[in-house]
Amino acid sequence: MTKYNHKEIINNIITDLEQRGWEILKRWVADDGWLVGRDTEYFVLMKDDRLVKTHYHYFNRGLMEDDEYGSFIFKE
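Treat the numbers as computed from the prediction; the structure is a model and nothing was measured. (Residues numbered from 1 in each chain as written. Predicted model: local features only at pLDDT ≥ 70, side-chain atom pairs only at ≥ 80, totals over all residues. Heavy atoms only, no water.)

## Some details on the packing of aromatic side chains
Taken as a whole, this structure holds two aromatic pairs when the rule is applied. Here the aromatic rings of Trp-22 and Phe-74 are separated by 5.5 Å at their centres, their planes lie at 70°, and the arrangement is edge-to-face. Placement of Trp-22 in the loop between α1 (6–19) and β1 (23–31) and of Phe-74 in the segment after β5 (70–73) is noted, with a sequence separation of 52 residues between them. The exposure class of Phe-74 is buried, given its relative accessible area of 13%. Between Trp-28 and Tyr-42 the ring centres are 5.5 Å apart and the planes differ by 15°, which places this aromatic pair in the stacked class. Of this pair, Trp-28 sits in strand β1 while Tyr-42 sits in strand β2 (residues 39–47), and the two are 14 residues apart along the sequence. Over the aromatic face of Tyr-4 sits the side chain of Arg-61, whose NZ or CZ is 3.9 Å from the ring centroid. (Phe/Tyr/Trp six-rings, centres within 6.5 Å; stacked < 30°, edge-to-face > 60°. Helix = DSSP H or I, 4+ residues; strand = E, 2+ residues; numbered from the N terminus. Buried < 20%, exposed > 50% of the residue type's maximum accessible area, 1.4 Å probe, protein only. Lys NZ or Arg CZ within 6 Å of the ring centre and 35° of its normal.)

Here is the structure:
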């Protein structure tokens, strides 16, 4: 089984977003809300007039965008 350094992946994602003009307004860790009990890293991002709440998804090693209906893969 491949082991991933999720902190490194998250930091690379954030660096890439910042280079593309996104500002990280808030970053925090909390429980994922599922029975798995895995801590999840959340972010509030802003670019121009777009404000987005996201979280790092452990399985796809990417960001998921959160809205009132659920989560989906974050697309710029």
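## Remarks on the nonpolar core
Counting eleven residues, the largest nonpolar core consists of Ile-9, Ile-10, Ile-14, Leu-17, Trp-22, Phe-43, Leu-45, Val-52, Tyr-56, Leu-63 and Phe-74. Broken down by element, this core gets its largest block of residues, four residues, from α1. Residues in contact with Ile-10, not counting those within four places in the same chain, are Arg-27, Glu-41, Phe-43 and Tyr-56. (Core = buried A, V, L, I, M, F, W, Y, C linked by side-chain atoms within 4.5 Å. Contact = heavy atoms within 4.5 Å.)

## Digging into a nonpolar patch on the surface
Taken together, the side chains of Leu-25, Met-46 and Leu-51 define a hydrophobic patch exposed on the protein surface, amounting to about 270 Å² of accessible area. Relative to the helices and strands, Met-46 is located in strand β2. We classify Met-46 as partly exposed; its relative accessible area is 32%. (Patch = residues over 30% accessible without salt bridge, like charges linked within 9 Å, V, L, I, M, F, W, Y side chains within 5 Å. Areas by Shrake-Rupley, 256 points an atom, 1.4 Å probe, with all protein chains shown as cover. Salt bridge = Lys/Arg side-chain N within 4 Å of Asp/Glu carboxyl O.)

## Details of the confidence of the model for the protein
Detail in the predicted coordinates should be disregarded across regions flagged by low pLDDT. For the protein, per-residue confidence averages 84 on the pLDDT scale, and residues scoring 70 or more make up 88% of the total. Ranking the elements of the protein by mean pLDDT puts β5 last, at 71, and α1 first, at 92. (pLDDT = per-residue confidence, 0-100.)

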